Amino acid sequence: MFSARTIAGIRPRMVWKRRGIESRRAKYGYIFALPWMTGLLLFYAYPLLSSIYYSFNKYNVISPVEWVGLNNYKELFNDPLFWTGIKNTLYYALFAVPISVVLGISLALLLNMPIRWRSFFRTVFFIPTLVPVVATAIIWQWLLNPQFGLINHLLETIGIGGPPWLGDPKWSKPSLILMAQWGIGNSVIIYLAGLQDISKDYDDAARVDGASGLRKVWHITLPLLTPVIFFNMIMGIINALQVFTLPYALTYGTGNPANSLLFYSMHLYNNAFLYMKMGYASAMAWILFIVIMTITLLLFRSSSRWVYYHGDQ
Amino acid sequence: MGINKRLKMVCLCLVVLLGITMLGGCSSQGNENGANQSSSAANQSGSSNNASESTDTGNSKSSQSTQKEKTKIVFWHNWATGPSGESIKKSVEEFNKSQDDIIVEPLFVATDAGDSITSKLLTAVAAGNPPDVMLASRYGIAEYMDAVTILNDLAERDNINADMFYEWAWEEATYDGQLLGLPYDGTARALFYNKDHFKEAGLDPEKPPLTISELEEYAKKLTIRENGKITRFGFIPWYGEGWLYTWGWAFGGEFYDKETGKVTANHPKIVEALTWMTSFAEQFGIENVTNFTSSAGSAAMNPFISGQLSMMVTGNWMIAQIEQYNSDLNYGISYIPTPDGKNFTTYVGGRALIIPKGVKNLEEAWTFVKWMCTSEEAQSLKKMTGEFSARPDVNAKIYGDDPRQKIFLEVLPNGKHRPVILAGNMMWDELAKAPDLVINKQGTPKEILDQITDKINSEIEKKKRSQ
């Protein structure tokens, strides 16, 4: 655009021609993008917007839609399982996200060191993310099996009687948080990319100044990694608040034991597709959306205080 | 600075996009789990069927192309593999052979969570493109009545009535006098016990426990502890098919009051049943029981089949599984014990064949449904799955000479079915959770059951108001 305008003052005819080509090209661009745009409007925008409408209705797909005003929302606040879902989900996010950030960075730092077999280790840590979540759930169910599980067997050899893990409401969420770290490979990759983006010059300068390895990490690497940490944190929080597949596969949607694994999205799913309370479920989805949006915006606000971009003061 | 701004924008855009996918993507998330069927669903039907539909559709498509002039009926079912899948295939083959104008195409459609009417059917009906016939668990049909064709007139016309079926079968397929589908089959429960374990423990293997106190006494004798750890359990009330429904009825409770139309899950006898179930577990240590139940496997790893559990309440389909995985197992089948050792009953589930609303070939669909549910030929094929026909006379013929089925056939006429209400799915889920909530100290049995009763009744009220 900029170059086109400069030329415009000098050779108007040429510009006219160029604009013709551009608009003709643009036309093809739109045509090629059209299927995608139609899809987006039809399968995202339309359901999204209609779910606002349905959240004020009683709707079960098959029976006539009935306007109920704010009743769905009122009912939600009186639904004990709604609050159980919120509590469980926040508990999960509160622990799973920080743990995955700390663990992810530590692993990335280790995998960024010039060690032997480096690419082998990188692959090893990434492999679990390729396993489908449902398969992960089953593998961990075996590992954490209180009687025959490998983990309790190992604990027993060092004289610790292992807990019932997924069978006990006190241990079930910690077990899930542990399992979720299994899929940490994706964020490790992003951290690694961030680490490799940090210029060697800083490192060299710090070494000349005699900084130790730990201080270098704390004062140089981590601050320069903050944009990536920020990104992973936001993605992590959004994913954690929507946690669904793993607990659903583990408990077959029941949230056992004692509703301790009943997460918000599971309750939403059960209401929508098991009890066909689509209006109610839409209301739940919008509440979740507002919560996620609020948390994300708050994080964005705070980011100016702790996120440093290359080139910033 | 420009790059930073852009990075921030990209970040924000991603957040919004993710939010959108979250809202719009509920159903796709669900599909991811479609492959992993709910265990409760499997238990409700008595046979789990998760596999591909390829064989079914492949066969029928080829046969369809050769006989184009016939009316095609699409039949949704959720039994793909094993004896259940075979029985569907065989039934359809037999039917197609007997017909000149109709050809049935069976189509495997996985369930979402329960094995009754699914969201897939509702969307198909809403879209005006439903299957002609569908196999669905009876307990969950009533709440989606708007999606099915009421069959009273057709049944009356063709002289099909309650007398042909067990009472539980017909009643569970009827809501408020309206026939939602024709009952197709039944599953029943009884006490299975390991005779070798009985001998070891000095009990008479031909005298299984009949009363609840005998059951407790036997369970204690059969339990084996080694170094403080329980290596074999005599009995765990809710293991297998020991649902609160099972025990509630065994204790003489009623889950539904026909007069008032209200759910009575807090019936004193049901509270008693739940109290007994959970206190039984406390005697052996909650943690031991939880460890055991959460460790237990299925199929060949089923603790009863592998000899880690001496007695369990389970369904008649277990006979076939035991035969398959451990045919040497020396076991007996007896009544589900009751407090006084009398009035034995059983919890009966089962399916109906329904005709969704808006089908194009109603008469042809009805012909198929009628054949499947009432003809001796089709009902006899239930033998393949080891489950029961919905018709007493057929069961007497196919199972009459099998001693293992004796107890079942005896209690079947007295079988109890889940109430036909507008919140059957929710009631199932809530009651299934009740023992777990009690042993994890979320409330006393009375409190938990009061809560459930209130919740289900208010849910029913809400649904009734909008009708």
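Residues numbered from 1 in each chain as written. Chains lettered and ligands numbered in written order. Predicted model: local features only at pLDDT ≥ 70, side-chain atom pairs only at ≥ 80, totals over all residues. Heavy atoms only, no water.

**Describing the overall build of chain B**
Looking only at helices and strands, one finds 20 helices and 16 strands in chain B. Within chain B, the proportion of its 467 residues that are buried is 59%. Long-range contacts, defined here as pairs at least 24 residues apart, represent 76% of the contacts in chain B between residues at least 6 apart. When the accessible surface of chain B is summed, it comes to about 18500 Å², and 50% of that surface belongs to carbon and sulfur atoms. (Helix = DSSP H or I, 4+ residues; strand = E, 2+ residues; numbered from the N terminus. Buried < 20%, exposed > 50% of the residue type's maximum accessible area, 1.4 Å probe, protein only. Contact = heavy atoms within 4.5 Å. Areas by Shrake-Rupley, 256 points an atom, 1.4 Å probe, with all protein chains shown as cover.)

**Here we look at the sheet that holds strand E1 (residues 71–77) of chain B**
In a beta sheet, neighbouring strands are held together by backbone hydrogen bonds and run either parallel or antiparallel to one another. Residue and element names in this part refer to chain B. Ordered by their spatial adjacency, five strands build an open sheet running E2-E1-E3-E15-E6, and the pairing between neighbours is mixed. Both outer strands of the open sheet, strand E2 (102–108) and strand E6 (182–183), are each paired with one neighbouring strand and no more. The pairing of strand E3 (residues 133–137) with strand E15 (residues 351–354) spans four bridges and is classified as antiparallel. Bridge assignment links Ala136 to a residue of E15, and that residue is Ala352. Taken strand by strand, helix H5 (residues 82–98) contacts E1, E2 and E3, and its axis lies near 165° from that of E2. (Pairing = 2+ DSSP bridges. Axes fitted to C-alpha atoms, helices over the stretch in contact; angles between N-to-C directions.)

**Some thoughts on the pairing of strand E8 (residues 189–194) of chain B**
Residues and elements named next belong to chain B. Most of E8 is tucked away, with six of its six residues classed as buried. Judged from the five bridges that link them, E8 and strand E13 (residues 309–315) form a sheet pairing that is antiparallel. Note that in E13 the partner of Ala190 across the bridge is Thr314. Note that E8 and strand E14 (residues 331–334) share four bridges and pair antiparallel. Looking at E14, one finds that Phe192 is bridged to Ile333.

**Remarks on the packing of helix H10 (residues 200–208) of chain A against helix H11 (residues 213–241) of chain A**
A pair of packed helices is characterised by two quantities: the angle between their axes and the separation of those axes. Residues and elements named next belong to chain A. For the pair H10 and H11, interaxial distance at closest approach is 11 Å and the crossing angle is 165°. In terms of orientation, H10 and H11 fall into the roughly antiparallel class. Crossing geometry of H10 relative to H11 is assigned as right-handed. Facing Tyr202, Asp203, Ala206 and Arg207 of H10, the residues of H11 in contact are Lys216, Ile220 and Leu224. (Parallel < 35°, antiparallel > 145°, perpendicular 65-115°, else oblique. Left-handed = near helix turned anticlockwise from the far one by under 90°.)

**Here's the deal with the domain arrangement of chain B**
Bring the parts together and some accessible area is lost; that lost area is often taken as the interface size. Residues and elements named next belong to chain B. Per the domain assignment, the segments making up chain B are domain 1 (44–187 + 350–414) and domain 2 (189–347 + 422–465). Computed from C-alpha atoms alone, the centre-to-centre distance between domain 1 and domain 2 is 29 Å. Each partner contributes to the interface: domain 1 provides 22 residues, whereas domain 2 provides 24 residues. Scanning the region where domain 1 abuts domain 2 turns up three salt bridges. Between Lys258 and Glu171 there is a salt bridge whose closest N-O contact spans 3.7 Å. Counting every contact that joins domain 1 to domain 2 gives ten residue pairs in polar contact (both at pLDDT 80 or more). Among the elements that make up the side of domain 1 that touches domain 2, the one with the highest residue count is helix H18 (residues 406–411) (four residues). (Domains from an automatic or database assignment. Salt bridge = Lys/Arg side-chain N within 4 Å of Asp/Glu carboxyl O. Polar contact = N/O pair within 3.5 Å; in protein donor to acceptor, adjacent residues only side chain to side chain.)

**Remarks on the pattern of salt bridges**
Residue and element names in this part refer to chain B. In total, this model carries 33 salt bridges over all chains according to the counting rule given. Linking Arg391 and Asp393 is a salt bridge whose minimum nitrogen-to-oxygen distance equals 3.1 Å. The buried category is assigned to Arg391, whose relative accessible area is 14%. A salt bridge links Lys462 to Glu459; its shortest N-O distance comes to 3.7 Å. Of this pair, Lys462 and Glu459 both sit in helix H20 (residues 445–465), three residues apart, which is roughly one turn of that helix.

**Considering helix H15 (residues 362–374) of chain B**
Compared with the 18 Å implied by 1.5 Å per residue over 13 residues, the 17 Å span of H15(B) between its first and last C-alpha is a close match. Those residues of H15(B) not exposed but buried are B:Ala365, B:Trp366, B:Phe368, B:Val369, B:Trp371, B:Met372, B:Cys373 and B:Thr374. (Expected span 1.5 Å × (residues − 1).)

**Here we look at the packing of aromatic side chains**
Each aromatic ring pair is characterised by the separation of its centres together with the angle its planes make. By the definition in use, this model includes 53 aromatic pairs over all chains. Pairing A:Trp165 with A:Trp171 gives two aromatic rings, centres 5.4 Å apart and planes at 75°, and the pair type is edge-to-face. In textbook terms, an aromatic cluster arises when at least three aromatic residues are bridged by ring pairs, as seen for B:Phe233, B:Phe235, B:Tyr239, B:Trp247, B:Phe251, B:Trp276, B:Phe280, B:Phe284 and B:Phe292. Over the ring of A:Tyr91 we find A:Lys173, and its NZ or CZ is 5.1 Å from the ring centre. Across the ring face of A:Tyr280, the terminal group of A:Lys277 is positioned such that the distance to the ring centre comes to 4.3 Å. (Phe/Tyr/Trp six-rings, centres within 6.5 Å; stacked < 30°, edge-to-face > 60°. Lys NZ or Arg CZ within 6 Å of the ring centre and 35° of its normal.)

**Remarks on the confidence of the model for chain A**
Residues and elements named next belong to chain A. Model confidence for chain A is summarised by a mean pLDDT of 88, while 93% of its residues fall at 70 or above. Within chain A, the lowest mean pLDDT, 45, falls on helix H1 (residues 2–10), and the highest, 95, falls on helix H4 (residues 80–111). Of the regions scoring below 50 in pLDDT, residues 1–10 engages in three contacts with residues more than four places distant in sequence or in other chains. (pLDDT = per-residue confidence, 0-100.)

**Things to note about the environment of A:Gly161**
Looking at the element boundaries, A:Gly161 is found in the loop between helix H7 (150–157) and helix H8 (169–180). The spacing of A:Gly161 and A:Pro146 is 15 residues in sequence and 9.6 Å in space, taken between C-alpha atoms.

**Thoughts on H8(A)**
Residues and elements named next belong to chain A. Helix length check: H8 (twelve residues) gives 17 Å between terminal C-alpha atoms against 16 Å at 1.5 Å per residue, within 8%. Within H8 the residues assigned to the buried category are Ser172, Lys173, Ser175, Leu176, Ile177 and Met179. Contact partners of the buried residues in H8: H4, helix H6 (133–143) and helix H12 (245–251). Sitting at the head of H8, Asp168 places a side-chain oxygen 2.8 Å from the backbone nitrogen of Lys170.

**Comments concerning the sheet that holds E8(B)**
Residues and elements named next belong to chain B. One open sheet accounts for five strands, arranged E9-E10-E13-E8-E14; its pairing is mixed. In the strand order of this sheet, the two ends are held by strand E9 (224–226) and E14, each with one partner. Within the sheet, the average angular offset between the axes of one strand and its neighbour, ignoring direction, is 25°.

**Quick notes on the packing of helix H12 (residues 268–283) of chain B against H20(B)**
Residue and element names in this part refer to chain B. It is at 9 Å that the axes of H12 and H20 come closest, and there the two elements cross at 130°. Between H12 and H20, the crossing angle belongs to the class labelled oblique. Judged by the sense of rotation from one axis to the other, the crossing of H12 with H20 is right-handed. Residues Ile270, Val271, Leu274, Thr275 and Thr278 of H12 lie in contact with H20, whose contacting residues are Pro445, Lys446 and Leu449. Its residues placed into classes, the contact of H12 with H20 shows five nonpolar, two polar and one charged. (Nonpolar A, V, L, I, M, F, W, Y, C, P; charged D, E, K, R; others polar.)

**Quick word on the domain arrangement of chain A**
All names here are of chain A. Considered domain by domain, chain A is made up of domain 1 (2–54) and domain 2 (71–306). For domain 1 versus domain 2, the distance between C-alpha centres works out to 39 Å. On the domain 2 side, the residues contacting the four residues of domain 1 number four residues. A buried area of about 330 Å², summed over both sides, lies between domain 1 and domain 2, and 59% of it is on carbon and sulfur atoms. Taken as a group, Ser51, Ile52 and Tyr54 account for 87% of the area that domain 1 buries against domain 2, more than any other trio of residues on that side. Inspection of the region where domain 1 meets domain 2 yields zero salt bridges. Grouping the constituent residues of the side of domain 1 that touches domain 2 by class yields three nonpolar, one polar and no charged. (Buried area = accessible area lost by both parts, 1.4 Å probe.)

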